[in-house]
Structure formats: C-alpha cells, structure tokens
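# Structural features, examined
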Amino acid sequence: MKITFLGTGTSHGVPAIDCMLDGYKHCPKDVCRLALTDAKHSRTRSSILVEHAGCRALVDVSPDFRQQALREKIPKIDAVLVTHCHADHTGGIPDIRSYTAKRPAPLDFFGSPETMRSIQSSFPYIFDPNTFRGGGIPSIALHAVTQPFELFGQTVTPLLVEHGSLLGCFGYRIGAVAYIPDVKSLPPSTRAMLDNLDCLILNCLRETRAHQSHLTLEQSIALARDIRPKLCCFVHMSHDINYITDASKLDSWMEFAYDGLQMEV
Ligand SMILES: [Zn+2]
Ligand SMILES: [Zn+2]
C-alpha cells in the first residue's frame, strides 16, 4: 500500500494568512516566513491518498485539493473516505468533478451518518435531482458507514474519535495503517482497534498550549507511545511545529510528515 501525504497542515494552512498580514512578526517559530523558501515548512490542509491494487482512495477533500491533485498528478480517484464535515476536510469537494465526469457510475464517498448529512446540506446543488447535470456538478454517491467494510481488498475500519463537540468524527484504519487527523481523545473502544499498526498518522496541532479539540505535541507523543505503531507520522500541524527544531522531541520511530511525502507500508 502506498501513502501520499497530500496535505499536512491544520485548518489555517502554513503559511497562515494572519502571519502574512502582520509581516510575519508574531509567528511563534518563524515557520510561516521559512515556508516561503523551504517547501517542507509549507503545509496545505490535511489529506492523504492511499493506493492499493491499482485503486486510489482519497481521505478527505481539502480546500487545497485542486493544487494537491495538480502537484501529485493524481490520475484517478476510485473512492473517497471523509473523516468529518469541517471545511478543511470537505472544502474541495466541488473540484472532485474532474474525476467524476468520465466515470460510468457516481464516485463513492464514505463517512459517518453525521458527516454524510452535513455534506448533503453543505452542497445541496450537487444532490438536487433538478440541477442541470453538466460538467460543473460532481457525480457523488454518499454511503453512511459505522462498521468495517471492504475496499479494494483492504478492510477499512471507521474509528470514532472525540474532536471537541462534533458528532460523528472518524479516523480510519486501512489494513495496518491508521489515519486520525483531528482528535482530542480516543474512546476505549477505538483505542482497542489500534494495536499492531505498521503506521499511525496522527493529529499534532502545536507544541504545548492546550486546545479543546486537538492534541498538542506532548499529548500526541504520549498517545503514540501508548499505541506504539512501528512508525508514527504527525499531521494537521500549525505554524507552531518546526520540523527541524522540534524533531529532537520525537522518538526514533516518529516523524513530522510534510506535503508530498510518500511511503510504502
Ligand atoms: Zn481539520
Ligand atoms: Zn505563522
């Protein structure tokens, strides 16, 4: 299975507009200014592409999906898993139309019942049978899931996680890989599904300052040590994570992911 990190940033992205607006004077670790010349500091909104047996599953459709697809030259998409309804994970859905135009059937989207309802109400024109079916409308079939299902020969297990007060927020386990971009804590039933991982891809928002719906670096490291995958890659990072100076805090089997990183697992 091949994983491509399409985006590794939090909802603001890096560089953040806020930091540009004040001339990068208050960026906590100067990461937004460094991102202008070091691509590994530059983070589009979080998403991964999973390839297996010639099929490609996109996990989340970020507002940066268009530039991610162009950058990685994604040739086709066979299914989409959505973690939750927040805009940094669904804002690129209209751009998926380029991948549905020539398909014989709608593109399958999977997610929690809450997430599927939210997508339907956020983009009503896509699902209105009276909308003119030209090239401007993506052809999508929504599938609400709560239990493990098979996709391209891999078992996909929805992982219910706590992400502030949002209901129906998922991570996904796909074979021996788990992707959890937005999480504050794991219910015990989800923790029990995370043993024997080759790779854990986990939320890491910022260094220390607590957040009500995300893990800090210290909390992400503690959770990763408890789960103990063979490899842990941190994603959904703000400008408060400097992949060079913060690397000393990580264990040898942990790393900060970056946009464009690819790995075989
Ligand atoms: Zn997010
Ligand atoms: Zn900044």
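Residues numbered from 1 in each chain as written. Chains lettered and ligands numbered in written order. Predicted model: local features only at pLDDT ≥ 70, side-chain atom pairs only at ≥ 80, totals over all residues. Heavy atoms only, no water.

This part is about the overall build of the chain. Tallying secondary structure elements over the chain gives nine helices and 14 strands in all. Taking 2.2 N^0.38 as the reference for a compact globule, 265 residues should give roughly 18 Å; the C-alpha atoms of the chain span a radius of gyration of 18 Å, in line with that estimate. Judged by the C-alpha coordinates and their principal axes, the chain covers about 55 × 45 × 35 Å. Residue burial in the chain is summarised as follows: out of 265 residues, 54% are buried. Contacts in the chain between residues far apart in sequence, at least 24 positions, make up 64% of those at least 6 positions apart. (Helix = DSSP H or I, 4+ residues; strand = E, 2+ residues; numbered from the N terminus. Rg over C-alpha atoms; globule rule 2.2 N^0.38 Å. Buried < 20%, exposed > 50% of the residue type's maximum accessible area, 1.4 Å probe, protein only. Contact = heavy atoms within 4.5 Å.)

Roughly 450 Å³ of internal volume is contained in the largest pocket. Taken together, the residues that form the lining of the largest pocket break down as five nonpolar, 17 polar and seven charged. (1 Å grid on protein atoms, 1.4 Å probe; cavity = no way out; pocket = protein on both sides within 12 Å on 5 of 7 lines; lining within 4 Å. Points joined across faces, edges and corners; volume = space filled by probe spheres on them. Nonpolar A, V, L, I, M, F, W, Y, C, P; charged D, E, K, R; others polar.)

Further remarks concern a nonpolar patch on the surface. Where nonpolar side chains cluster on the molecular surface, the patch consists of Ile17, Met20 and Leu21 and spans about 350 Å² of accessible area. Positionally, Leu21 belongs in helix α1 (residues 17-21). (Patch = residues over 30% accessible without salt bridge, like charges linked within 9 Å, V, L, I, M, F, W, Y side chains within 5 Å. Areas by Shrake-Rupley, 256 points an atom, 1.4 Å probe, with all protein chains shown as cover. Salt bridge = Lys/Arg side-chain N within 4 Å of Asp/Glu carboxyl O.)

With that settled, the discussion passes to the sheet that holds strand β1 (residues 2-7). Ordered by their spatial adjacency, seven strands build an open sheet running β6-β5-β4-β3-β2-β1-β14, and the pairing between neighbours is mixed. One side of each edge strand has no neighbouring strand; the edge strands of this open sheet are β6 (140-144) and β14 (262-264). Sheet twist, expressed as the mean angle between neighbouring strand axes with direction ignored, is 20°. Sheet topology note: the β1/β14 ladder contains three bridges and is antiparallel. Bridging across to β14, Lys2 finds its partner in Glu264. (Pairing = 2+ DSSP bridges. Axes fitted to C-alpha atoms, helices over the stretch in contact; angles between N-to-C directions.)

This part is about the coordination of the zinc ion (ligand 1). Every protein donor of the zinc ion (ligand 1) is accounted for by Asp88 (OD), His89 (NE2), Asp182 (OD) and His236 (NE2), and the metal-donor separations fall at 2.1 to 2.4 Å. Every donor counted, the four donor atoms about the zinc ion (ligand 1) form angles of 85 to 160° at the centre, which fits irregular coordination. The motif formed by the donor residues of the zinc ion (ligand 1), counted along the single chain, is D-H-x92-D-x53-H. Of this pair, Asp182 sits in the loop between β10 (177-180) and α8 (188-191) while His236 sits in the loop between β12 (231-235) and β13 (254-256); the two residues are 54 residues apart in sequence, bridging distant segments of the chain. As far as burial versus exposure is concerned, Asp182 and His236 are alike and both buried. (Donors = N, O, S within 2.8 Å, 3.2 Å for Na, K, Ca; no water. Tetrahedral: all angles 85-135°; square planar, octahedral: opposite > 155°, others 65-115°.)

Listed in full, the buried residues belonging to helix α9 (residues 217-227) are Leu217, Ser220, Ile221, Leu223, Ala224 and Ile227. Projected onto a plane normal to the axis of α9, the buried residues spread over an arc of 165° and lie on a single side. Against the buried residues of α9 lie α8, β11 (199-203), β12 and β13. Directly beyond the C-terminal end of α9, a positive phi value near 50° is found at Arg228. (Arc of directions from axis to C-beta.)

Shape is all these values report; function is a separate question.
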